[in-house]
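# Structural characterization, general
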Amino acid sequence: MLAVSDLVVNYGGVQAVDDISIKVKAGELVSITGANGAGKSSMLNAISGIRAIASGKIVFAGEDITGLPAHQIVRKGIVQIPEGRQLFATLTVRENLLAGRYSNSGFLLDNVIPESLIQRFPVLGERLDSLSSSLSGGQAQMLALARGLMNHPELLLLDEPTLGLAPIAVKEVFDLITELRDQGLSILVVEQNVRQALAISDYAYVLESGRVVLEGKGDELLNNSRLVESYLGVAQSI
Amino acid sequence: MLELQAVGKTFGELQALHGIDLHVRRGTVSGLIGPNGSGKTTLVNIITGIYAPDSGRVLLDGKDVSRASADQITRLGVSRSFQNIRIFNRMSVLENVIAALIGHHKPGLATLLGRAKRIGDPRVTAARRALETVGLLEQGDLFANELPLPLRRRLEIARALACDPKFLVLDEPAGGMTPAETASISELIRSRIAPGRTCVVIEHKMDLISHVCEHLCVLNHGEKIAEGDPRSVVNQPEVIEAYLG
């Protein structure tokens, strides 16, 4: 589904992503973990076309999408849910959802919020006419996810979807991600809740200083002592 | 040290806090946890004088400060760090801490900063001491936005520490951090920041809470649903149901 080869991304004079190759197979949930500054978000932003790449190749569904602008990459079926949700605070929940239905040229394609989406996110259904700024952190993250799904993606890029959430809301987000994967969506997620992310991932990569230092199946990495040493550092307190 | 008596706060139709009682003993570290939207930040805003409570009282060292302004509360030795880091990206790390001591809203901040640095102002000494406490003294001349997130969090804490507060509120000091980074900030709080102070820590990362807090209070829908020793609190069914899941 997605193949990134030899990707290099420069950011503020440093190589944020230094020759990274990763793959996401169709229907797989793949996670990227690593310390802050390891290059995780830069890599996602390069895939979605928000950040220019220095070199490397990105192939999606058999098509070379390297260097395409972000709005064309969305049209190919890749949707990114940004870190920090980035909702429109002065718009209602309904308007935020419909923001996911605008064409590249700025036309509202339709103003239908599918019933299936409301069933998946009942809390949003109850609050369609509330301002998005009135939502709790967990609800806001659900809205960001739902807005992304309005675009009918084939590959979802999630940048730290559990940031700032209480443990119970973190579980809800992980349950939802698992459910979406089980229904056939391909997902690439950047996460700092390492253990929970690895536990639900089909495959995972650990980044350090812009490079992949470790990769493997999620449950294998969970038990890999080198991961504990090189990245988690403090396994005994986790 | 700090006592809240039946504190309530309403925003429009939303009752953010219902009759909260809280007692933070001098020299202890208390944790405040709860689901998103449970009222934690509202409570901190009341303690620090940003909001006045609609009902109930806030006592600091026995003195009623329910109606005191944020400035007055600060002068009584209460300081806080913010969940959303509030630093000046294009100022140096040291200047950020000095600015916290001078006060952001004063006109001519740049002039004051220049003067403070030239004449060896005591505020510079205080700022350096705060940076040393959080382990950032060597990075003092870097631009604040050159720091990676875990060090920006430390700078945010240094800004709160610069006035040498006796009561410190830390709002999500490990927000956005990985497990290893969280362990590091937990140890810093426990060994360098908490000693000699009274602290309240808001955090979702239970590793940090269990490492630094002697007392834990849980909010849900603006009500206190549990408090006590952290280990016993996190095993209470209502806490598991509302917060831990």
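Further up the page is the structure itself.
### Examining the overall build of chain A
A tally of helices and strands in chain A yields ten helices and ten strands. Here the C-alpha radius of gyration of chain A, 18 Å, is about what a compact globule of 238 residues would show, namely 18 Å. Split into buried and exposed, the 238 residues of chain A put 42% on the buried side. Within chain A, contacts between residues separated by at least 24 positions form 64% of all contacts whose residues are at least 6 apart in sequence.

### So, the overall build of chain B
What chain B contains, in helices and strands, is ten helices and ten strands. Considered along the principal axes of its C-alpha atoms, chain B spans approximately 55 × 40 × 30 Å.

### Section: the packing of helix H6 (residues 137–149) of chain A against helix H7 (residues 167–182) of chain A
Residue and element names in this part refer to chain A. Relative to each other, H6 and H7 sit at 20 degrees, their axes nearing to 9 Å. One element, H6, and the other, H7, form an angle in the roughly parallel class. Seen along the crossing, H6 lies across H7 with a hand that is right-handed. For the pair H6 and H7, the contacting residues are Gly137, Gly138, Gln141 and Leu145 in the first and Ala169, Glu172, Val173 and Leu176 in the second. Here the contact of H6 with H7 is built from residues that sort into four nonpolar, three polar and one charged.

### Structural notes on the sheet that holds strand E6 (residues 78–81) of chain A
Note: strands within a sheet are paired through backbone hydrogen bonds, in either parallel or antiparallel orientation. Residue and element names in this part refer to chain A. The strand order E6-E7-E8-E3-E9-E10 describes an open sheet built from six strands, whose pairing is mixed. Each edge of the open sheet is held by one strand with a lone partner, namely E6 and strand E10 (211–216). Adjacent strand axes in the sheet meet at a mean angle of 15 degrees when their direction is disregarded. Judged from the five bridges that link them, strand E7 (residues 155–159) and strand E8 (residues 186–190) form a sheet pairing that is parallel. Bridge assignment links Leu157 to a residue of E8, and that residue is Leu188. Packed on one face of the sheet, helix H1 (residues 40–47) meets strand E3 (29–34), E6, E7, E8 and strand E9 (203–208) and runs near 150 degrees to E7.

Criteria and thresholds
Residues numbered from 1 in each chain as written. Chains lettered and ligands numbered in written order. Predicted model: local features only at pLDDT ≥ 70, side-chain atom pairs only at ≥ 80, totals over all residues. Helix = DSSP H or I, 4+ residues; strand = E, 2+ residues; numbered from the N terminus. Rg over C-alpha atoms; globule rule 2.2 N^0.38 Å. Buried ≥ 20, exposed ≤ 12 C-beta atoms within 10 Å, placed from the backbone. Contact = placed C-beta atoms within 7 Å. Axes fitted to C-alpha atoms, helices over the stretch in contact; angles between N-to-C directions. Parallel < 35°, antiparallel > 145°, perpendicular 65-115°, else oblique. Left-handed = near helix turned anticlockwise from the far one by under 90°. Nonpolar A, V, L, I, M, F, W, Y, C, P; charged D, E, K, R; others polar. Pairing = 2+ DSSP bridges.

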